[in-house]
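# Examining the three-dimensional arrangement
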Amino acid sequence: MAESTSGLRILLHQHQQDRVPTSISCHAERDRVLEIFRSAILKSGPPSKFALETVQEAIKPQRQTVLVQDENQSLENALRTLLQELVSSAVQSGEEIMQFGQSIDDEESTQGQIPRLLDIVLYLCEKGHVEGGMIFQLLEDLTEMSTMRDCKEVFGYIESKQDILGKQELFGRGKLVMLRTCNQLLRRLSKANDVVFCGRILMFLAHFFPLSERSAVNIKGVFNTSNETKYEKDAPKGVSIDFNFYKTFWSLQEHFCNPASSTVAPIKWHKFSANLTVVLDTFDAQPLTEDDGNANNLDEEDAAAFSIKYLTSSKLMGLELKDPSFRRHVLVQCLILFDYLKAPGKNDKDGPSESMKEEIRSCEERVKKLLEMIPPKGKGFLQNIERMLEREKNWVWWKRDGCAPFEKPPTEIKVPQAKKRKITLMGNKELHQLWMWADKNPNALDDPNRIKTPSIMDYWKELADDMDPSAGIEAEYHHKNNRVYCWKGLRFSARQDLEGFSRYNDFGIEGVVPPELLPPDVRSKYQSKPTERSKRAKKEESKDATPPQEDSQFTNPAPEMDGGGIGGELEDSSVPMDADAAGVSQSGGQSPEDNSKVSPAAELGQEAGQSEAEVEMDGDAGVDGETDTEAD
């Protein structure tokens, strides 16, 4: 099956060029089609059983079930003629149009011939066998040929088929025809007597058309200036009311009819403000009681179908002022006007001035207080009005933004996936990155720059610049806060500058920096000073030099036990060692003079002290050797 002709939702046969559509040009052929559909509407059962066969018999399409453009037009003309004949027969018989020929029993419900015909055409349009706008054209013809009493039943049929008529394949072909049909009905209806029927039509349009449909929106904000309120200009004789107040009161309707004119001319606004103040003062001076509210209150059933346009006779002015609904009608008009003047989206030039805004605010508060005081249920009534005005503001914003569509495409719900935990194979983020970097760069081990070690002068240059106060670098941005930088620097200093590396215990990481890189004032802070730790190290070194004396004291009893010559040699060799250590007191302390003699040796380190001790022991051994030979 090939695609349809532009503008039609029908399918054409692939052998269309070999096919000659059957036309209905003569009256005999048209009468034949009418007779086929007359017999079809008398059949029982759903239209799905015989509707397609009826079309095939009437038009005789060749090897297909879908009609082309000419066949659809011919069939539509025949059906419109049949519908006109059925309506004429119903009018002549005196029966209601939708109940004419009510003899078909379909699932325990009787149907007339006209609803039966509409059901058959609707089924054919829904299934795509005929052009989709055919059913809308028949409904428009039916409403035009019916009286207002019969139109209620016709519209009831339209409401019952709302779901099918609103489908996209039918809505796109008949929305303008349906809008024209409903607007014609609204023009024919009385706004005072047919309020419920008008509301049904408006509700149908609200459900039939999407919210973003611009055809039902007054985008430009044009007012119905033709709705004029006529009142008496001259005072009649024998009327005991204030005629000036009468004229002032009804003159407000000129501003309510066209609110835009009040803001353009300042003179008109001042006139409206003065007249409104007079009316509000009168309402304040004549408050209503609960009895007035109950006397003029209608029942809910009567109020649902009761809508009037108040009379402007001066003789009724006194009675109308005592009517709560009359006062509410006027005060609600004031709130609507104020809401229009404060409407969002207006330009500064078109909007009210600052003085006008202040007057609007004060008048609005006064009108709301009067609405609360009007019985019955004044506060509840005011809350409902405020809610409606708030919704109206949202519509104004929507129209100002160009009536953007409300419908949004459905969003796919994505199921959140569980987050994968990052595993550090080397136990450390930096080491893991280094390990992965080596895998991604297989030639990294052969890179000659890999084994290049920077000098400590170049490496610590950045930290030295941070330590310079003249640089003005904040402490949180110092390189000493970088762990990786400090760790690498300590490794380089341990290999190249052992002396600087030793200053880490006393001054921290800043002490490792070579003094040549620091300014003079900063360098003095990190000079080598004797700390408690260095003093303690010196004391330990001085203690390491005294053990020979203690060893000789423990070895003196050995000759007495052995009685050999070796013991005598050890005893003799211990004498000079005692003599050398004579300056040392038993408590391990030293005199000031001896301390001055020992301090140069202590500064040379532990190894120098050990070498001197060995020399002294060699000298003592020679003296002992001479005495031994002399004794022998």
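Reading guide: rules and limits
- Residues numbered from 1 in each chain as written.
- Predicted model: local features only at pLDDT ≥ 70, side-chain atom pairs only at ≥ 80, totals over all residues.
- Heavy atoms only, no water.
- Helix = DSSP H or I, 4+ residues; strand = E, 2+ residues; numbered from the N terminus.
- Buried < 20%, exposed > 50% of the residue type's maximum accessible area, 1.4 Å probe, protein only.
- Contact = heavy atoms within 4.5 Å.
- Areas by Shrake-Rupley, 256 points an atom, 1.4 Å probe, with all protein chains shown as cover.
- Salt bridge = Lys/Arg side-chain N within 4 Å of Asp/Glu carboxyl O.
- Axes fitted to C-alpha atoms, helices over the stretch in contact; angles between N-to-C directions.
- Parallel < 35°, antiparallel > 145°, perpendicular 65-115°, else oblique.
- Nonpolar A, V, L, I, M, F, W, Y, C, P; charged D, E, K, R; others polar.
- Expected span 1.5 Å × (residues − 1).
- Phe/Tyr/Trp six-rings, centres within 6.5 Å; stacked < 30°, edge-to-face > 60°.
- Lys NZ or Arg CZ within 6 Å of the ring centre and 35° of its normal.
- Patch = residues over 30% accessible without salt bridge, like charges linked within 9 Å, V, L, I, M, F, W, Y side chains within 5 Å.
- Lys, Arg positive; Asp, Glu negative; His and termini not counted.
- Charge placed at Lys NZ, Arg CZ, Asp CG, Glu CD.
- pLDDT = per-residue confidence, 0-100.
- Bend = angle between axes of the 7 residues up to and from the residue.
- Polar contact = N/O pair within 3.5 Å; in protein donor to acceptor, adjacent residues only side chain to side chain.
- Left-handed = near helix turned anticlockwise from the far one by under 90°.
- Disulfide = S-S within 2.5 Å.

The name given to the chain in an unreviewed UniProt entry is THO complex subunit 1, with the source organism recorded as Papaver nudicaule.

Check the secondary structure of the chain and you find 32 helices and 2 strands. Within the chain, the fraction of its 632 residues that count as buried is 33%. Partitioning the intrachain contacts of the chain with sequence separation of at least 6 by distance along the chain shows that 69% fall at a separation of at least 24. When the accessible surface of the chain is totalled, it reaches about 41,200 Å², and 51% of it is carbon and sulfur.

Bringing the pattern of salt bridges into the picture now. Evaluated as defined, the whole model comprises 18 salt bridges. The partner of D284 in a salt bridge is R366, with the nearest N and O atoms 3.0 Å apart. Of the two residues, D284 sits in helix 13 (residues 266-285) while R366 sits in helix 18 (residues 354-373), which places them 82 residues apart along the sequence. A relative accessible area of 36% places D284 in the partly exposed class. For R366, a relative accessible area of 27% corresponds to the partly exposed category.

Time to look at the packing of helix 2 (residues 51-59) against helix 4 (residues 113-127). The interhelical angle for the contact between helix 2 and helix 4, taken along N-to-C directions, is 90°, at an axis separation of 10 Å. It follows from the interaxial angle that helix 2 and helix 4 lie roughly perpendicular. The residues of helix 4 that touch helix 2, namely those facing A51, L52 and V55, are I120, Y123 and L124. Partitioning the contact of helix 2 with helix 4 into residue classes produces 6 nonpolar, no polar and no charged.

This paragraph deals with helix 17 (residues 324-341). Look at helix 17: 26 Å from first C-alpha to last across 18 residues, which is about the 26 Å you get at 1.5 Å a residue. Among the 18 residues in helix 17, 14 count as buried, and that is most of the element.

Turning our attention to the packing of aromatic side chains. Inspection of every chain in the model, using the stated rule, returns 21 aromatic pairs. Ring plane angle 80° and centroid distance 6.1 Å describe the contact between F256 and F272, whose orientation is recorded as edge-to-face. Of this pair, F256 sits in helix 11 (residues 252-257) while F272 is found in helix 13, placing the two residues 16 residues apart along the sequence. The class for F256 is buried, based on a relative accessible area of 14%. Taken together, the ring pairs connect F155, F171, F197, F204, F208 and F209 into an aromatic cluster. Positioned above the aromatic ring of F381, the side-chain terminus of R328 is 4.4 Å from the ring centre.

What follows is about a positive patch on the surface. On the surface, K233, K247, K268 and K271 cluster together into a patch of positive charge. Position of K268 relative to the elements: it lies in helix 13. Here K268 falls in the partly exposed class, since its relative accessible area comes to 42%.

A word on the side chain of E364. Mapping E364 onto the fold places it in helix 18. For E364, a relative accessible area of 13% corresponds to the buried category.

We now examine the confidence of the model for the chain. Of all residues in the chain, 70% attain a pLDDT of 70 or more, and the chain-wide mean is 76. Confidence over residues 300-305 falls short of pLDDT 50; this stretch has 3 contacts with residues more than four positions distant or in other chains. This model gives residues 547-632 a pLDDT under 50, and the stretch forms 25 contacts once residues within four places in sequence are excluded.

Turning our eyes to something else, we now look at helix 8 (residues 168-188). Helix length check: helix 8, at 21 residues, gives a terminal C-alpha distance of 29 Å against a target of 30 Å (1.5 Å per residue), a fit within 8%. Approximately 60° is the largest bend angle found in helix 8, and it occurs at G174. Residues L170, F171, G174, V177, M178, L179, T181, C182 and L185 constitute the buried set of helix 8.

Let us look at a nonpolar patch on the surface. Taken together, M426, L431, L434, W435 and W437 make up a surface patch of nonpolar side chains, about 540 Å² in accessible area. Note on placement: L434 falls in helix 20 (residues 429-440). With a relative accessible area of 53%, L434 lands in the exposed category.

Let us now look at the side chain of T248. Of note, T248 is situated in helix 10 (residues 243-250). Residue T248 is classed as buried on the basis of its relative accessible area, which comes to 16%. One polar contact links the side chain of T248 to the main-chain carbonyl oxygen of N244, over a distance of 2.8 Å. Those residues in contact with T248 that lie beyond four places of it in its chain are N275 and V278.

Turning next to the packing of helix 17 against helix 18. Interaxial distance between helix 17 and helix 18 falls to 10 Å at its minimum, and their mutual angle equals 150°. Compared by their axis directions, helix 17 and helix 18 come out roughly antiparallel. Crossing hand, helix 17 versus helix 18: left-handed. Facing helix 17, whose interface residues are R328, L331, C334, L335, F338 and L341, helix 18 presents I360, C363, E364, V367, K368, L370 and L371. Class assignment of the residues belonging to the contact of helix 17 with helix 18 gives a composition of 10 nonpolar, no polar and 3 charged.

In this section: the state of the cysteines. Within this structure, the stated rule accounts for 0 disulfides. Here C363 stays free of any disulfide, with the sulfur of C334 as its closest cysteine sulfur at 8.5 Å. We classify C363 as buried; its relative accessible area is 13%.

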